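# Examination of the molecular architecture
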Amino acid sequence: FEGMTIVELAKRTGVSIRHLQEIIVNVGEKVDSEFDPLSIDIAELVSMEVGVNVRRQHSDEGAVLQPRPAVVTVMGHVDHGKTSLLDALRQTSVAAKEAGGITQHLGAFVVEMPSGASITFLDTPGHAAFSAMRARGAAVTDIVVLVVAADDGVMPQTLEAMAHAQVANVPIVVAINKCDKLSADPERVRIQLGTEGLLLEDLGGDVQVVQVSAKTKLGLDKLEEALLLQAEIMDLKARIDGPSQAYVVEARLDRGRGPLATAIVKSGTLVCGQYIVVGSEWGRIRSIRDMLGRATSSGKPAMPVEIEGLKGLPMAGDDVVVVDSEERARMLSNGRKKKLEKDRLLKASEERIEIEDTSE
Ligand code: GTP
Ligand code: MG
């Protein structure tokens, strides 16, 4: 989207160049030549105006890419131990030990290993955020840990989670949990998963399986190793410099501090003082905090950060984009709000039509 010209935009949207130029003038922008590259904000505004759905994608062409930690989502059936496993993993982090435990629940946390490597985990309920982000084409999750209780075995939501990951093309690492239990039967889980078409590594596939117990902490190091290995295979990299793009995993209203959004930085570096548009909200970053609640001046790729300074509450799955000025931020936020309203009305009228149809 970045650097698109009016001519290209006309081609993509099927709207005439003349009409696009009018819209651009209407949003208060100058039009010199239809061959001049448009800023990404203007391109988005204009596209929304003509009813085209857009997804912002900053070009990484020519940018220096650096290795980044993996972002992992834990999924699985009810009561299979997702929360327990996350808590146990959280406690293995070096930083958590230094800080005397992580008390903040930000919707995401980083496990730093003694080796210096780290993994970012999206907290449960990551399910909703995962689905919301996938629906918007923003796959922030690199790897899914599929938790299956060794005593209970594969259940409906296990399969649902599996399907989610597969549709999103996100690799799975299986954690067979509750292996401390007498009734645990990890072998049965393996067979069940194999029957469901998951290509486990013991059977010649490439899906790693680790036996763990969130209760006794058995196998947590093995799980972390498996995740690091999977991340290495994927060769995860991100652009560090330049405008940041991030995704909201959780948002809440704090009495004193106002709307707070926890976001995972996808690329670039988020910096205090920047004007941002988050979903259809906007603001200026007043402070950035890490998962230990420490104020920091910037957020780098795969880092969960808590952003303060928004005017309204965004939603999980919303994108965070950096814009040049307050004016741009307001404009883009307004444009997105209008688009949302338009879509809502459209949907409402479609529903009405359906009701009329069935009443005949
Ligand atoms: P929902 O969020 O409700 O879907 O559940 P969950 O998947 O987060 O499971 P949770 O961590 O809440 O654990 C469910 C129950 O299983 C709790 O009573 C845990 O104490 C227990 N549990 C979790 N992990 C283990 C384990 O490794 N061993 C044993 N014995 N019990 C476990
Ligand atoms: Mg839970």
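Quick caveat, the model's predicted, so the values are computed rather than measured. (Residues numbered from 1 in each chain as written. Chains lettered and ligands numbered in written order. Predicted model: local features only at pLDDT ≥ 70, side-chain atom pairs only at ≥ 80, totals over all residues. Heavy atoms only, no water.)

## Describing the site of ligand 1
Lining the immediate environment of ligand 1, one finds 15 residues, of which K82, T83, S84, D180 and A214 sit closest. In this structure, D180 approaches ligand 1 through a side-chain N or O atom, which is 2.7 Å from a nitrogen atom. Contact between ligand 1 and S213: an oxygen atom at 3.3 Å from a side-chain N or O atom of the residue. In the complex, the protein chains occlude 67% of the 640 Å² of accessible area that ligand 1 would expose alone. Among the elements that make up the shell around ligand 1, the one with the highest residue count is helix α4 (residues 82-92) (3 residues). Residue composition of the shell around ligand 1, by class: 2 nonpolar, 7 polar and 6 charged. (Near = heavy atom within 4 Å. Polar contact = N/O pair within 3.5 Å; in protein donor to acceptor, adjacent residues only side chain to side chain. Areas by Shrake-Rupley, 256 points an atom, 1.4 Å probe, with all protein chains shown as cover. Helix = DSSP H or I, 4+ residues; strand = E, 2+ residues; numbered from the N terminus. Nonpolar A, V, L, I, M, F, W, Y, C, P; charged D, E, K, R; others polar.)

## Description of the pattern of salt bridges
Summed over all chains, the structure comprises 18 salt bridges. A salt bridge links D151 to K181; the nearest nitrogen and oxygen atoms lie 2.9 Å apart. Pair noted here: D151 is in the loop between β5 (143-149) and α7 (156-167) and K181 is in the loop between β6 (172-177) and α8 (186-195), with a separation of 30 residues, a long-range link. Residue class for K181 comes out partly exposed when judged on its relative accessible area of 37%. We note a salt bridge from D290 to R294, for which the minimum N-O separation is 2.8 Å. Because the salt bridges share partners, they merge into one network encompassing R252, D254, R257, R286, E306 and E308. (Salt bridge = Lys/Arg side-chain N within 4 Å of Asp/Glu carboxyl O. Buried < 20%, exposed > 50% of the residue type's maximum accessible area, 1.4 Å probe, protein only.)

## Digging into the environment of I172
The residue I172 is located in strand β6 in this model. The class of I172 is buried, set by a relative accessible area of 6%. With residues near it in sequence (within four places) discarded, I172 still touches V144, L146, M162, A165, L198, V207 and Q208. (Contact = heavy atoms within 4.5 Å.)

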